Amino acid sequence: MKTITDVKTALLTVTQNVRRYSYPNPPADYIVYAEDMQSDALHGAGTMRNQTLEGTVDYFTKSLNSNNAKAVQNALLSAGIPFRCNSIQYEPSTGYLHFEWIIEIESHLLEG
């Protein structure tokens, strides 16, 4: 299972405009990624042994001709990060076209 660090590494192959959680004063095209919640867990001997997190990758662009949405998917595929496209929407208040993917990664919350 891949980690949040693997997500960042994969996304940096698409653009250097990548931030975790938020992107203050963003450029015209950028990516934000984050962990959102637990998606699964393995319990044994009275304790949680493994935990999988669900997160999001959001790509924002002001260009209708950008190939980066396809590049994000290819980067996640190449890195072996499970994902699904959750939504594609236009945000009239900002002028951004917003692509969102749900990803699954290994949790870092149980590490010592």
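This text gives an overview of the structure that appears in the document. Every value quoted in this text rests on a predicted model; they were computed, and no experiment measured them.

## Re the pairing of strand S4 (residues 83-91)
So, step 1. When S4 meets strand S5 (residues 96-106), the two strands line up antiparallel, connected through eight bridges. By the bridge assignment, Ile 88 is partnered in S5 with Phe 99.
So, step 2. Between S4 and S5, which pair antiparallel and follow one another directly, the connecting turn spans four residues, one of which, Gly 95, has a positive phi of 80°.

## Considering the nonpolar core
So, step 1. Counting residues in each nonpolar core, the largest one holds 21 residues, and the members touching the most others are Val 7, Leu 11, Ile 31, Val 57 and Val 72.
So, step 2. At the level of elements, helix H1 (4-11), strand S2 (30-44), strand S3 (47-61), helix H2 (68-79) and S5 are the ones that each hand at least two residues to this core.
So, step 3. Element by element, the count of residues in this core is highest for S5, at five residues.
So, step 4. With near-sequence residues (within four places) excluded, Val 72 lies in contact with Leu 11, Val 14, Ile 31, Val 57, Tyr 59 and Trp 101.
So, step 5. Tyr 23, Tyr 30, Val 32 and Phe 60 belong to the second largest nonpolar core, which has five residues in total.

## Quick look at H1
So, step 1. Every buried residue of H1 is accounted for by Ile 4, Val 7, Ala 10 and Leu 11. Within H1, the buried residues cover an arc of 115° as seen down the axis, which keeps them to one side.

## Here's the deal with H2
So, step 1. The end-to-end C-alpha distance of H2 is 16 Å, a good match for the 16 Å that 12 residues give at a rise of 1.5 Å each.
So, step 2. Looking only at H2, the buried set comprises Ala 69, Val 72, Ala 75 and Leu 76. For H2, the angular spread of the buried residues around the axis is 120°, confining them to a single face. Residues of H2 that are exposed and point over 90 degrees away from its buried face: Lys 70, Leu 77 and Ser 78.
So, step 3. The positive-phi residue at the C-terminal boundary of H2 is Gly 80, with phi of around 75°.

Basis of the calculations
- Sequence order as written defines residue numbering, which begins from 1 separately in each chain.
- Totals for whole chains, interfaces and linings use every residue, but because this is a predicted model, local features are given only for residues with pLDDT of at least 70 and side-chain atom pairs only at 80 or more, for both listing and counting.
- Excluded from the side-chain calculations are hydrogens and water; all other atoms, namely the structure's heavy atoms, are used.
- Strand pairing is assigned whenever DSSP identifies at least 2 bridges connecting the two strands.
- Here a helix means four or more residues in a row that DSSP labels H or I, a strand means two or more in a row labelled E, and each is numbered from the N terminus.
- By convention a nonpolar core is built from buried Ala, Val, Leu, Ile, Met, Phe, Trp, Tyr and Cys residues, the set being connected through side-chain atoms within 4.5 Å.
- Note on classification: 1.4 Å probe, protein chains only; a residue is buried when its accessible area is under 20% of the maximum for its type, exposed when over 50%, partly exposed between these limits.
- It only takes one pair of heavy atoms within 4.5 Å for two residues to be counted as in contact.
- Note: the arc covers the axis-to-C-beta directions of the helix.
- In this analysis, the expected span of each helix is defined as 1.5 Å times one less than the number of residues it contains.

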